[in-house]
Amino acid sequence: MRLLSLLFLAASSALVSAHTIDLAASSRDCFFEDLHSEDKMTVTYQVAGGGHLDIDFWMKGPGEKMMADQKKRDTGTHSFTADQDGRYTYCFSNEMSTVTGKTVSFNVHGVMYVEDDGHTAPIEREIRALSSALEAVKDEQEYIVVRERIHRDTAESTNDRVKYWSIIQTIMLFGVCGFQIFYLKRFFEVKRTSA
């Protein structure tokens, strides 16, 4: 019984994978999973950098059946249970952008279907529930890390802009002060005429 529980945890943790990809402008990247009927799969993604932080996502099942089509989204999740055996393909597209590349982080969670024949111990059900909750916590942590990186980059960029603008304003202030001193000195100079 214990061995079965440990094998289930090992199998479910092996089916979770996290990836980060860089999509060039006007490009797309596709991945696939071979699933059996009643297998469950979840794809969670987030655009971590580039442009307006939007990406197109779609998923097709066996026979090119469209299962999901999300346009210009910065984050998204698609969960489903396979209704037939076959290859399920999911793609991230940056084809709408002609200039800016994008960085996309995504996780794929797969849960192999394990038939509950009525002899499943309560501890095994609890282990499955804990495994599912642990995956949700990991997803949330990865989401928080990506958001923190985006916000840190924004804050650093804003800090650089404020710094350079302050330097430009300081130079302009000294220039205007120098001009005013020169102008006022000239204004009060006595003009001597030779006669």
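In what follows, the accompanying structure is described. (Residues numbered from 1 in each chain as written. Predicted model: local features only at pLDDT ≥ 70, side-chain atom pairs only at ≥ 80, totals over all residues. Heavy atoms only, no water.)

What about the overall build of the protein chain?
Within the protein chain one finds two helices and eight strands. Counting every position in the protein chain, which comprises 195 residues, the buried fraction comes to 28%. Sequence separation of at least 24 residues holds for 78% of the intrachain contacts in the protein chain that already meet a minimum separation of 6. Total accessible area on the protein chain is roughly 13600 Å²; 59% of this is exposed by carbon and sulfur atoms. (Helix = DSSP H or I, 4+ residues; strand = E, 2+ residues; numbered from the N terminus. Buried < 20%, exposed > 50% of the residue type's maximum accessible area, 1.4 Å probe, protein only. Contact = heavy atoms within 4.5 Å. Areas by Shrake-Rupley, 256 points an atom, 1.4 Å probe, with all protein chains shown as cover.)

Observations concerning the packing of aromatic side chains
Within a pair of aromatic rings, the relevant descriptors are the distance that separates the centres and the angle that separates the planes. In total, this model carries 12 aromatic pairs according to the counting rule given. Here Tyr-45 and Phe-92 contribute two aromatic rings whose centre-to-centre distance is 5.6 Å and whose plane-to-plane angle is 70°, an arrangement assigned as edge-to-face. Of this pair, Tyr-45 sits in strand S3 (residues 40-49) while Phe-92 sits in strand S7 (residues 86-93), placing them 47 residues apart in sequence. Grouping residues by exposure puts Tyr-45 and Phe-92 together as buried. (Phe/Tyr/Trp six-rings, centres within 6.5 Å; stacked < 30°, edge-to-face > 60°.)

Quick notes on the sheet that holds S7
Taken in spatial order, the four strands line up as S2-S7-S4-S5 in an open sheet, and their pairing is antiparallel. The open sheet has two edge strands, strand S2 (28-35) and strand S5 (66-73), and neither has a second partner. Between one strand axis and the next, the sheet turns by 10° as a mean value, whatever way the strands run. Pairing between strand S4 (residues 55-60) and S7: five bridges, direction antiparallel. Bridging across to S7, Trp-58 finds its partner in Cys-91. (Pairing = 2+ DSSP bridges. Axes fitted to C-alpha atoms, helices over the stretch in contact; angles between N-to-C directions.)

Let's talk about the side chain of Asp-56
Along the polypeptide, Asp-56 turns up in strand S4. Buried and unpaired, Asp-56 has Lys-71 as its nearest opposite-charge partner, separated by 4.4 Å. A distance of 2.8 Å separates a polar atom in the side chain of Asp-56 from the backbone nitrogen of Lys-72. Beyond its immediate sequence surroundings of up to four residues, Asp-56 is in contact with Gln-70, Lys-71, Lys-72, Cys-91, Phe-92, Ser-93 and Met-96. (Lys, Arg positive; Asp, Glu negative; His and termini not counted. Salt bridge = Lys/Arg side-chain N within 4 Å of Asp/Glu carboxyl O. Polar contact = N/O pair within 3.5 Å; in protein donor to acceptor, adjacent residues only side chain to side chain.)

Observations concerning the nonpolar core
In this structure, Met-41, Val-43, Phe-57, Met-59, Tyr-90 and Phe-92 are the most contacted members of the largest nonpolar core, which totals 19 residues. Breaking this core down by element, the ones donating at least two residues are strand S1 (16-23), S3, S4, S7 and strand S8 (102-111). Of the residues forming this core, the biggest block, four residues, is contributed by S3. (Core = buried A, V, L, I, M, F, W, Y, C linked by side-chain atoms within 4.5 Å.)

Points about the state of the cysteines
Going through the model one piece at a time under the given rule, you end up with one disulfide. One disulfide in the model links Cys-30 with Cys-91; its S-S distance is 1.9 Å. On the sign convention where negative means left-handed, the S-S torsion of about 110° between Cys-30 and Cys-91 marks this disulfide as right-handed. Residue Cys-30 is located in strand S2, and its partner Cys-91 is located in strand S7; the two are separated by 61 residues in the primary sequence. (Disulfide = S-S within 2.5 Å.)

Topic: the environment of Lys-71
Its place among the elements puts Lys-71 in strand S5. In this structure the C-alpha to C-alpha distance between Lys-71 and Asp-54, which are 17 residues apart in sequence, comes to 8.2 Å. Once residues lying within four places of it in the same chain are set aside, the contact partners of Lys-71 are Ile-55 and Asp-56.

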